[in-house]
Amino acid sequence: MEINLVLHLPRDTASVPVTRQVLDGCLKTLGVTPDTRADIALALSEACANVVQHAGPGDEYEVQARARNGCCAIEVVNTARRDDLPKPDGTGAGAGIAVSSDPVSETAESGRGLKIINAVVDNLQLTGGKGEGTIVHFEKALEWLPGAAGQHLLSANGGTKTGPGQTDD
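Note that the coordinates shown come from a computational prediction; the quantities given were computed from them, not determined experimentally. The residue numbering used here restarts from 1 in each chain and proceeds along that chain's sequence as written. The predicted nature of this model means local features are confined to residues of pLDDT at least 70 and side-chain atom pairs, given and counted, to a pLDDT of 80 or more, with totals for whole chains, interfaces and linings taken over all residues. The side-chain values count all of the structure's non-hydrogen atoms but skip hydrogen atoms and water molecules.

1. Comments concerning the side chain of Ser15
We count a stretch as a helix when DSSP gives it H or I for four or more residues in a row; a strand needs E for two or more, and each element gets its number in order from the N terminus. Positionally, Ser15 belongs in helix 1 (residues 15-30). Since its relative accessible area comes to 6%, Ser15 is described here as buried. Within the structure, the side chain of Ser15 is placed 3.3 Å from the backbone oxygen of Pro10, a separation counted as a polar contact. Setting aside chain neighbours within four positions, we find Ser15 in contact with Leu9, Pro10, Val52 and Tyr61. Think of it in three bands: with a 1.4 Å probe and only protein chains considered, a residue is buried below 20% of the maximum accessible area for its type, exposed above 50%, and partly exposed in between. Identification of polar contacts relies on pairs of N or O atoms within 3.5 Å, with a donor-acceptor requirement for protein atoms, meaning one able to donate a hydrogen and the other able to accept it, and with residues adjacent in sequence counted only if both atoms are side-chain atoms. Residue contacts are counted whenever heavy atoms from the two residues lie within 4.5 Å of one another.

Have a look at this one:
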């Protein structure tokens, strides 16, 4: 069993809290713990804000969230056209989304987003290249409240319904 959510959003700062609240509402309904939801919300906010701020003049971006096997995987996709992407020298529209090992100054106005995401998730990957937008992919193990519907639905047999005369062996 897998639960998927896909949002196509305008590249506008107002879309960031909307996206965060929509996903948080879904995770809350499934019974994910508040601490896990807070980490996912923080990472999602940073990834969306990064796209809105740095991705260039494209019309929209996309958020894909998937819950499967006790894990939530999220991709924030910059759907920019080829001419909206960074130039090979790292300049131009879309520049600025890179993970650096250099420390970010405590007083810096920007540059902390990917470091924040990396600190609160289990796996962070950036992909992208010629002809495609940048994809920020991150995963977080789901921790459940007691009796969570999502844990039941996402378990190996939890979402399987049996017919008359059949057993759930």
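2. What about helix 2 (residues 34-54)?
Given a helix with a known number of residues, its expected span is that number minus one, times 1.5 Å. Here helix 2 contains 21 residues, and its C-alpha end-to-end distance of 30 Å stays within 8% of the 30 Å for a straight helix at 1.5 Å per residue. For helix 2, the set of buried residues is Thr36, Arg37, Ile40, Ala41, Ala43, Leu44, Ser45, Ala47, Cys48, Asn50, Val51 and Val52.

3. Observations regarding unusual backbone geometry
Of note in the backbone geometry, Asn69 takes a positive phi value of approximately 50° without being a glycine. Looking at the secondary structure, you find Asn69 in the loop between strand 2 (60-68) and strand 3 (71-78).

4. A look at the pairing of strand 2
Following DSSP output, two strands are said to pair if at least two bridges run between them. Bridge count for strand 1 (residues 3-10) against strand 2 is eight bridges, and the pairing is antiparallel. Residue pairing across strands places His8 opposite Glu62, the latter belonging to strand 2. Note that strand 2 and strand 3 share eight bridges and pair antiparallel. Bridge pairing in strand 3 places Glu62 opposite Val77. Where strand 2 folds back onto strand 3 in an antiparallel hairpin, the turn is made up of two residues, including Asn69, whose phi is positive at roughly 50°.

5. Remarks on the environment of Phe138
Its place among the elements puts Phe138 in strand 5 (residues 132-141). In the structure, Phe138 is positioned 95 residues away from Ala43 in sequence and 8.2 Å away in space, judged by C-alpha atoms.

6. A short note on the nonpolar core
In plain words, nonpolar cores are sets of buried Ala, Val, Leu, Ile, Met, Phe, Trp, Tyr and Cys residues tied together by side-chain atoms within 4.5 Å. Core analysis: the largest hydrophobic core is formed by 32 residues, its most contacted members being Tyr61, Val63, Ile74, Val76, Ile117 and Phe138. At the level of secondary structure, the elements contributing two or more residues to this core comprise strand 1, helix 1, helix 2, strand 2, strand 3, helix 3 (113-120) and strand 5. The biggest single contributor to this core is helix 2, with seven residues.

7. Section: the packing of helix 2 against helix 3
Two numbers describe how helix 2 lies on helix 3: the axes approach to 9 Å, and their chain directions differ by 155°. In terms of orientation, helix 2 lies roughly antiparallel with respect to helix 3. Helix-helix and strand crossings are classified by hand; for helix 2 and helix 3 the assignment is left-handed. The residues of helix 3 that touch helix 2, namely those facing Asp39, Leu42, Ala43, Glu46, Ala47 and Asn50, are Gly113, Leu114, Ile116, Ile117 and Val120. Here the term charged refers only to Asp, Glu, Lys and Arg, the term nonpolar to Ala, Val, Leu, Ile, Met, Phe, Trp, Tyr, Cys and Pro, and the term polar to all other amino acids, Gly among them. Broken down by class, the residue content of the contact of helix 2 with helix 3 amounts to seven nonpolar, two polar and two charged. Axis geometry follows a simple rule: fit a line to the C-alpha atoms, using only the stretch in contact for helices, then measure angles between N-to-C directions, giving values from 0 to 180 degrees. Angles are sorted into four bins: roughly parallel if under 35 degrees, roughly antiparallel if over 145, roughly perpendicular if 65 to 115, and oblique for all others. Each crossing gets its hand from how the near helix is turned against the far one by less than a right angle, where anticlockwise is left-handed and clockwise is right-handed.

8. What to know about the confidence of the model for the chain
Each residue carries a pLDDT score, the predictor's confidence in it, ranging from 0 to 100. Per-residue pLDDT for the chain averages 77, and the proportion of residues at 70 or more is 67%. Per-element mean pLDDT across the chain ranges from 82 in strand 4 (residues 123-129) up to 95 in helix 1. Low pLDDT, under 50, characterises residues 82-100; the stretch is placed with 39 contacts to residues that sit more than four places away or in other chains. Counted against residues more than four places away or in other chains, residues 158-169, with its pLDDT under 50, gives eight contacts.

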